[in-house]
Every structure is written in C-alpha cells, then in structure tokens.
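# Summary of the model geometry
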Amino acid sequence: MDPDLNLLEYLVGKGAHYIEESVEGTTYLPRTVIGVATHLLDMDGSVDLLTAKQKVTYEKFLKPLLFDVPCQGISGAGSCRGNGLVEAEVLKKCYFHSEFRCLACRAALAEKTG
Ligand SMILES: [Zn+2]
C-alpha cells in the first residue's frame, strides 16, 4: 500500500519531530529517514521505486508512522474501544492535533461529552 502523500509531507515538515522520536536510540539519523521520505514524495509515494536500502529505512521508520499507529485509548493504554490501531482515514487529523485515537474511541468520547 502506498503512503498518504499529505501525511508524508507533514512528517517531513511540521511533523518531523515524530520521525526524530522514532529514530531515537537507533543508529539511524533523522535526516536519513527524512531523506527517504522526501525522495518518496518526489516519486508520488511509489515505494516500489525506492532502492533496497531506502526500503529498509521506509519499513523500519516511515511505515509504522504511516500505517501502524497505536490508539491511545479513551483513558490511557488498554482503554481502546477499537482494534488498538488508528484508522488511515483519521490519521492525518491525529497528527495535526497530536491526539491519537481510533474511530471507535472518538465516537465513544463524543458520546460522553454529548
Ligand atoms: Zn481506540
């Protein structure tokens, strides 16, 4: 699955701190990951066009940020009403508001607050 380009654009720009956090404690440099992300943007998100080495970086750092983002739940870890992951369609919103909740948790919260 190809990444959401708007989201990718956000991650190399304003959201670069998410990339910085994800490489923390590894031997990778944020600029390496940002470089791969920028390259991917230039190619309209075609992961297939990355080199083998770039693909490894993509799989390790970018893919989890783009596709496997855990839901923070309604009231902390373990309180997710969904399957524990944030759906792709609300992911952008999550990054913009730094509030990582899946659709089920959002609905539950909206109900609570009326
Ligand atoms: Zn949830």
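Owing to the predicted nature of the structure, the values given are computational and were not obtained by experimental measurement.

## Observations regarding the environment of P3
Looking at where P3 falls in the secondary structure, it is placed in the segment before α1 (5-12). According to the C-beta neighbour criterion, P3 is buried, with 21 such atoms within 10 Å. Leaving out residues up to four positions away in the same chain, P3 has contacts with L8, L40, G45 and L66.

## Regarding the nonpolar core
Membership of the largest hydrophobic core comes to 19 residues, with the highest contact counts inside it found for L7, L8, L11, V33, A37 and L62. Taken domain by domain, this core gets at least three of its residues from each of domain 1 (5-67) and domain 2 (69-114). Apart from the residues lying within four places of it in its own chain, the contact partners of A37 are L8, L11, V12 and L62.

## So, unusual backbone geometry
Positioned with a positive phi, D44 is a non-glycine residue whose angle comes to about 55°. With a phi angle near 45°, S98 is a residue other than glycine that sits in the positive phi range. Examined against the element boundaries, S98 turns out to sit in the loop between α5 (88-97) and α6 (103-113). For S98, a count of 10 C-beta atoms within 10 Å translates into the label exposed.

## Overview of the packing of α1 against helix α3 (residues 30-42)
It is at 10 Å that the axes of α1 and α3 come closest, and there the two elements cross at 145°. Where α1 crosses over α3, the handedness of that crossing is left-handed. Judged by residue contacts, L5, L8, E9, L11 and V12 of α1 engage I34, A37, T38, L40 and L41 from α3.

## A short note on the domain arrangement of the protein
Partitioning the protein into domains gives domain 1 (5-67) and domain 2 (69-114). Taking the mean C-alpha position of each, domain 1 and domain 2 sit 23 Å from one another. In this complex, domain 1 contributes five residues to the contact, which on the side of domain 2 involves four residues. A total of three residues in the side of domain 1 that touches domain 2 trace back to one element, the largest contributor, which is α1. Looking at the side of domain 1 that touches domain 2 residue by residue, the classes come out as three nonpolar, two polar and no charged.

Criteria and cut-off values
Residues numbered from 1 in each chain as written. Predicted model: local features only at pLDDT ≥ 70, side-chain atom pairs only at ≥ 80, totals over all residues. Helix = DSSP H or I, 4+ residues; strand = E, 2+ residues; numbered from the N terminus. Buried ≥ 20, exposed ≤ 12 C-beta atoms within 10 Å, placed from the backbone. Contact = placed C-beta atoms within 7 Å. Core = buried A, V, L, I, M, F, W, Y, C linked by C-beta atoms within 7 Å. Domains from an automatic or database assignment. Axes fitted to C-alpha atoms, helices over the stretch in contact; angles between N-to-C directions. Left-handed = near helix turned anticlockwise from the far one by under 90°. Nonpolar A, V, L, I, M, F, W, Y, C, P; charged D, E, K, R; others polar.

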